[in-house]
Amino acid sequence: MGVLNVTPDSFSDGGRFLDPPAALAHARRLAAEGADILDIGAESTRPYGNAVKVPLDEERTRLAPVLPAVVSLGIPVSIDTLKAAVAAWALEAGAAIVNDVWGLQRDPDMAPVVAAHGAPVIIMHNRETVDPAIDIVADVTAFFERSLAIAARAGIARERIVLDPGIGFGKTPQQSLICIARLDAWRGFGAPLLVGASRKRFINSIVQTEPAERLGGSLAAHLLAVENGAAIIRVHDVAPTVQALAVAAAIRRAR
Ligand code: HH2
């Protein structure tokens with residue numbers, strides 16, 4: 001999954017793709033480099049600071065000149081939004097998947113919208129506050145159980161659900177590492193697992209780096225995530241990731 005942020009303030013690439021032609025060019029590049037899904041977002045989810053809350057109209061205004069053109073590239077598009085109204089609009093404009101970084105637990109209309117469109121949904125774990133004292137694996141498990149109950153009540157088919165522990169969201173760097181290390185804890189849900197570690201700040205806790213310098217750490221995290229059962233990884237740097245995954249897979253086959 002390649003990341004396309006149509007935002008002024010995303011933590012690693014804010015402002016670079018706000019201009020529609022730049023956004024479309026980047027989407028084409030991600031597709032050419034081998035992305036299987038394009039994740040488009042118009043509101044920064046930044047767990048790292050004070051991402052500005054974007055009003056509904058502004059979010060749609062940012063997406064409107066970009067989303068249909070990205071859909072026309074022929075690769076499934078996921079819409080990264082907290083707002084059911086934006087998700088509904090995007091699904092009608094051709095998006096195939098909803099990516100909800102609050103796992104259907106923020107906007108009460110999100111689950112009904114997903115169900116009505118029969119769309120696949122990414123349920124990501126999130127927390128309002130960071131608590132170093134909690135058992136993060138247990139917290140993520142309980143969150144997934146709540147989200148799955150909401151999904152079931154709304155009539156979302158189980159096979160349309162992807163689970164994501166939400167690297168960097170409401171977690172200490174150590175808790176983010178644990179989520180990648182213990183990914184197999186969530187295999188029992190029977191849903192594909194998604195991991196998005198790309199350029200995130202937990203990498204900085206190991207090797208001090210700015211977001212743009214975190215490709216090495218991102219590759220390491222994603223290779224181990226795949227080794228531990230991730231079916232989808234969400235990345236900014238598609239070409240190096242595809243190469244790393246191909247080499248890792250070839251080594252695995254040679255065992
Ligand atoms: N991470 C970000 C945004 N959306 N969605 C899922 N499912 N999983 C993630 O790990 C995830 C996500 C944060 O990254 P980015 O989009 O680059 O930054 P921002 O939210 O500041 O736009």
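Whatever comes next refers back to the structure up there.
Quick caveat, the model's predicted, so the values are computed rather than measured.

Caption draft 1: Layout of unusual backbone geometry. In this structure, Leu104 takes a positive phi of about 70° despite not being glycine. Within the fold, Leu104 resides in the loop between strand S4 (97-100) and helix H5 (110-117). The residue Arg199 is not glycine, and still its phi comes out positive at about 60°. By the secondary structure assignment, Arg199 is in the loop between strand S7 (193-195) and helix H8 (215-227).

Caption draft 2: Spotlight on the site of the ligand. As a structural note, the neighbourhood of the ligand is formed by 18 residues, with Ser10, Ser44, Thr45, Asp164 and His236 the closest of them. Thr45 places a polar side-chain atom, nitrogen or oxygen, 2.3 Å from an oxygen atom of the ligand. Here a nitrogen atom of the ligand sits 2.8 Å away from a polar atom, N or O, in the side chain of Asp80. Starting from 480 Å² of accessible surface for the ligand in isolation, the protein chains cover 100%. Counted by class, the shell around the ligand contains six nonpolar, seven polar and five charged residues.

Caption draft 3: A look at the packing of helix H6 (residues 136-154) against helix H7 (residues 173-181). Remark: H6 packs on H7, axes separated minimally by 9 Å, with the N-to-C direction vectors making an angle of 70°. The angle between H6 and H7 places the two elements in the roughly perpendicular class. Handedness of the crossing formed by H6 with H7: right-handed. Residues Ile136, Val137 and Val140 of H6 form the contact with H7, whose participating residues are Gln175, Ile178 and Cys179. In terms of residue class, the contact of H6 with H7 is built from five nonpolar, one polar and no charged.

Caption draft 4: How the structure looks around the environment of Val195. Inspection of the secondary structure puts Val195 in strand S7. What makes Val195 buried here is its relative accessible area of 0%. In this structure the C-alpha to C-alpha distance between Val195 and Met1, which are 194 residues apart in sequence, comes to 9.9 Å. If sequence neighbours within four positions are ignored, Val195 has contacts with Asp164, Ile167, Ile180, Leu183, His222, Ala225, Ala230, Ile232, Ile233 and Arg234.

Caption draft 5: Spatial organisation of the pattern of salt bridges. Considering all chains together, one arrives at 12 salt bridges under this definition. Between Arg199 and Asp237 there is a salt bridge, and its shortest N-O distance comes to 2.9 Å. Of this pair, Arg199 sits in the loop between S7 and H8 while Asp237 sits in the loop between strand S8 (230-233) and helix H9 (238-253); the two residues are 38 residues apart in sequence, bridging distant segments of the chain. The exposure classification of Arg199 matches that of Asp237, with both residues buried. The salt bridge involving Glu227 is made with Arg255; its shortest N-O contact spans 3.5 Å. With Glu227 in helix H8 and Arg255 in the segment after H9, this residue pair connects regions lying 28 residues apart in the sequence. A single salt-bridge network, built from bridges that share partners, covers Asp39, Asp80 and Arg234.

The rules behind each value
Residues numbered from 1 in each chain as written. Predicted model: local features only at pLDDT ≥ 70, side-chain atom pairs only at ≥ 80, totals over all residues. Heavy atoms only, no water. Helix = DSSP H or I, 4+ residues; strand = E, 2+ residues; numbered from the N terminus. Near = heavy atom within 4 Å. Polar contact = N/O pair within 3.5 Å; in protein donor to acceptor, adjacent residues only side chain to side chain. Areas by Shrake-Rupley, 256 points an atom, 1.4 Å probe, with all protein chains shown as cover. Nonpolar A, V, L, I, M, F, W, Y, C, P; charged D, E, K, R; others polar. Axes fitted to C-alpha atoms, helices over the stretch in contact; angles between N-to-C directions. Parallel < 35°, antiparallel > 145°, perpendicular 65-115°, else oblique. Left-handed = near helix turned anticlockwise from the far one by under 90°. Contact = heavy atoms within 4.5 Å. Buried < 20%, exposed > 50% of the residue type's maximum accessible area, 1.4 Å probe, protein only. Salt bridge = Lys/Arg side-chain N within 4 Å of Asp/Glu carboxyl O.

So, to be careful, I would describe these as geometric facts and stop short of saying anything about function.
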